[in-house]
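# Remarks on the overall topology
Now for the letters of each chain:
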Amino acid sequence: MQQEVLSILGLLHDVSNNYQGASLVLNQIIDGAYGQSLEEIKPLLIALQQTNERGVSLIQSERTAFFELNPATMEQFDMLSFLQTTYSRFKPIAQYHSLNLHYETQLTYKHGTQVRGDSISIDRMLCNLVTNAIKYTLTGDIFLRLLNQEDDLIIEIEDTGCGIAAEQISNIFIPLWRAPNSNLLHQSGMGLGLYIALCVAHTHGLRISVNSVVRQGTKFTIIFPYKDNGVYGVDGRMLPKSPKQVGSRSSEVGVRKSEVFSLKRFEAPNFNHGERSELW
């Protein structure tokens, strides 16, 4: 029952964020922020169309259970162009908030950029991370990057926002948990975005690391481990996993405090209102 409730809340959360973004883009068009001619506003119209299509896909897919894989929904796609679409959708939203959104790529990739997985779920993971970056950045820049780290394929989402206190990093993936400074920043939300991102990453055999410095910014890194067949993400050996598995966490200490969450063994925690799980 708990997972069913979280699945429904998660869908409402993502659909709400999607159409809030569409509303911002539409308001910019109405206000003439990018001009009056069709040629001038065409990029905004494309972004609006993409946002609307994403909302329809979320609703029609009936894939509310973001913490498990359905073999029938697996597909192969190019992450390079996939992130380009993500960038195009969020650029006008970032501009509305007076932020600069950048998409940085490499000239070549060692094993290409093909990924196999549930594209709607992976889109939910990325959109929640970019939305959070915009939400908690008052001024400055947000960077969306697709890189190689040795053989692995890496997505980075970095902002110059308020950052996360070291003592809070272990809590940020707990469902319905919100940072104490959320109210100070006048940011509303359900506290589900990062939980959804972590669950999607887990089901696809990915890893997430978090580096953050208060008042300097936060960087989320999504690691797609290299597979022998040259396609990242889900392979034929990965059967659908039950979320009732054990999770683990390790930490790295350097210039920044880093929390690395292992997603191959993850359990959606049992929790009560106001309770913090030590699982993370």
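Each chain has its residues counted from 1, following the order in which its sequence is written. Predicted model: local features are reported for residues with pLDDT of at least 70 only, side-chain atom pairs are reported and counted for 80 or more only, and whole-chain, interface and lining totals are derived from all residues. Hydrogens and water are ignored here; the side-chain numbers use all heavy atoms of the structure.

Numbering goes from the N terminus for both helices and strands, where a helix is a DSSP run of H or I of at least four residues and a strand is a run of E of at least two. By this rule, a helix spans an expected 1.5 Å times one less than how many residues it contains. The terminal C-alpha atoms of helix H4 (residues 119–135) lie 24 Å apart, and with 17 residues this matches the ideal 24 Å at 1.5 Å per residue to within 8%. Buried residues dominate H4, accounting for 17 of its 17 residues. Buried means the residue's accessible area, taken with a 1.4 Å probe over protein chains only, is under 20% of the maximum for its type, while exposed means over 50%, and partly exposed covers the values in between.

It is worth spelling out the environment of Tyr103 at this point. Within the fold, Tyr103 resides in strand S2 (residues 99–105). Remark: the alpha-carbon pair of Tyr103 and Ile142, spanning 39 residues in sequence, is separated by 8.8 Å. Here, residues are in contact when the closest pair of their heavy atoms is within 4.5 Å. Apart from the residues within four sequence positions on either side, Tyr103 is in contact with Met79, Leu80, Leu83, Gln84, Tyr87, Leu144 and Leu146. For Tyr103, the side chain forms a polar contact with the main-chain oxygen of Leu80, separated by 2.8 Å. Nitrogen and oxygen atoms within 3.5 Å of one another constitute a polar contact, given that in protein one can donate a hydrogen and the other can accept it, and given that sequence-neighbouring residues count only through two side-chain atoms.

This paragraph deals with the nonpolar core. Take the buried residues of types Ala, Val, Leu, Ile, Met, Phe, Trp, Tyr and Cys, join any two whose side-chain atoms come within 4.5 Å, and each joined set is a nonpolar core. Membership of the largest hydrophobic core comes to 55 residues, with the highest contact counts inside it found for Met79, Met125, Leu126, Ile155, Ile222 and Phe224. Setting aside residues no more than four positions away along its own chain, Phe224 makes contact with Met79, Val115, Asp152, Leu153, Ile155, Leu206, Tyr232 and Gly233.

Together, Tyr19, Val56 and Ile59 make up a nonpolar patch on the protein surface, roughly 230 Å² of accessible area in all. By the secondary structure assignment, Val56 is in helix H2 (residues 38–61). Here a patch means residues that are over 30% exposed by relative accessible area and free of salt bridges, tied together within 9 Å if like-charged and within 5 Å if nonpolar (Val, Leu, Ile, Met, Phe, Trp, Tyr). All accessible areas in this document rest on Shrake-Rupley with a 1.4 Å probe, and a residue is counted as covered only by the protein chains that are shown. By definition here, a salt bridge exists when the distance from a side-chain nitrogen of Lys or Arg to a carboxyl oxygen of Asp or Glu is within 4 Å.

Another point: the sheet that holds strand S8 (residues 232–233). Whether parallel or antiparallel, the strands of a sheet pair through hydrogen bonds between backbone atoms. If you walk across this open sheet you meet the three strands as S1-S3-S8, and the pairing is mixed. Edge positions in the sheet fall to strand S1 (75–78) and S8, since each of these pairs with one other strand and no more. In terms of strand pairing, S1 meets strand S3 (residues 114–117) through four bridges, oriented antiparallel. Of the residues in S3, the one forming a bridge with Asp78 is Gln114. Each axis is a line fitted through C-alpha atoms, taken for helices only over the stretch in contact, and angles between the N-to-C directions span 0 to 180 degrees. In this fold helix H3 (residues 79–96) packs onto S1 and S3, with an angle of close to 75° to the strand it touches most, S1. For two strands to be treated as a pair, DSSP must find no fewer than two bridges joining them.

With that settled, the discussion passes to the packing of aromatic side chains. Planes of paired rings set the category: under 30 degrees apart is stacked, over 60 is edge-to-face and the rest tilted, where pairs are Phe, Tyr or Trp rings (Trp by its six-membered ring) whose centres lie within 6.5 Å. This structure, assessed with the given rule, holds four aromatic pairs. Summarising the aromatic geometry, the rings of Tyr226 and Tyr232 are spaced 6.3 Å apart at their centres and angled 65° between planes, so their arrangement reads as edge-to-face.

Our next topic: the confidence of the model for the chain. Per-chain confidence: the chain averages 77 in pLDDT, with 76% of residues scoring 70 or above. Considering only residues more than four positions removed or in separate chains, one finds that residues 241–280, a stretch of pLDDT under 50, has 95 contacts. The predictor attaches a confidence to each residue, and that confidence, scored 0 to 100, is pLDDT.

Attention now goes to helix H5 (residues 193–203). For H5, the buried fraction is high: 11 of the 11 residues fall into the buried class. Within H5, the full set of buried residues consists of Gly193, Leu194, Tyr195, Ile196, Ala197, Leu198, Cys199, Val200, Ala201, His202 and Thr203. Just beyond H5, the residue with positive phi is Gly205, at close to 70°.

What follows concerns the environment of Thr85. Mapped onto the fold, Thr85 is located in helix H3. Classification of Thr85 as partly exposed rests on a relative accessible area of 30%. Taking C-alpha positions, Thr85 is 10.0 Å from Ile46, a pair spaced 39 residues apart along the chain.

Right, let's get into the side chain of Ser121. Looking at the element boundaries, Ser121 is found in helix H4. Its relative accessible area of 8% is what places Ser121 among the buried residues. Sequence-distant contacts of Ser121, that is, excluding residues within four places in its chain, are made with Val200 and His204.

In regular strands, side chains alternate between the two faces of the sheet. Of all eight residues in strand S7 (residues 217–224), eight are buried, a share of seventy percent or more. Side-chain alternation along S7 places Gly217, Lys219, Thr221 and Ile223 on one buried face and Thr218, Phe220, Ile222 and Phe224 on a second face that is also buried. Two elements, strand S5 (residues 152–159) and S7, share six bridges in a ladder whose sense is antiparallel. Residue pairing across strands places Glu156 opposite Thr221, the latter belonging to S7. A loop of three residues connects strand S6 (residues 207–213) with S7, the two strands running antiparallel in sequence, and Arg215 in this loop sits at a positive phi of about 70°.

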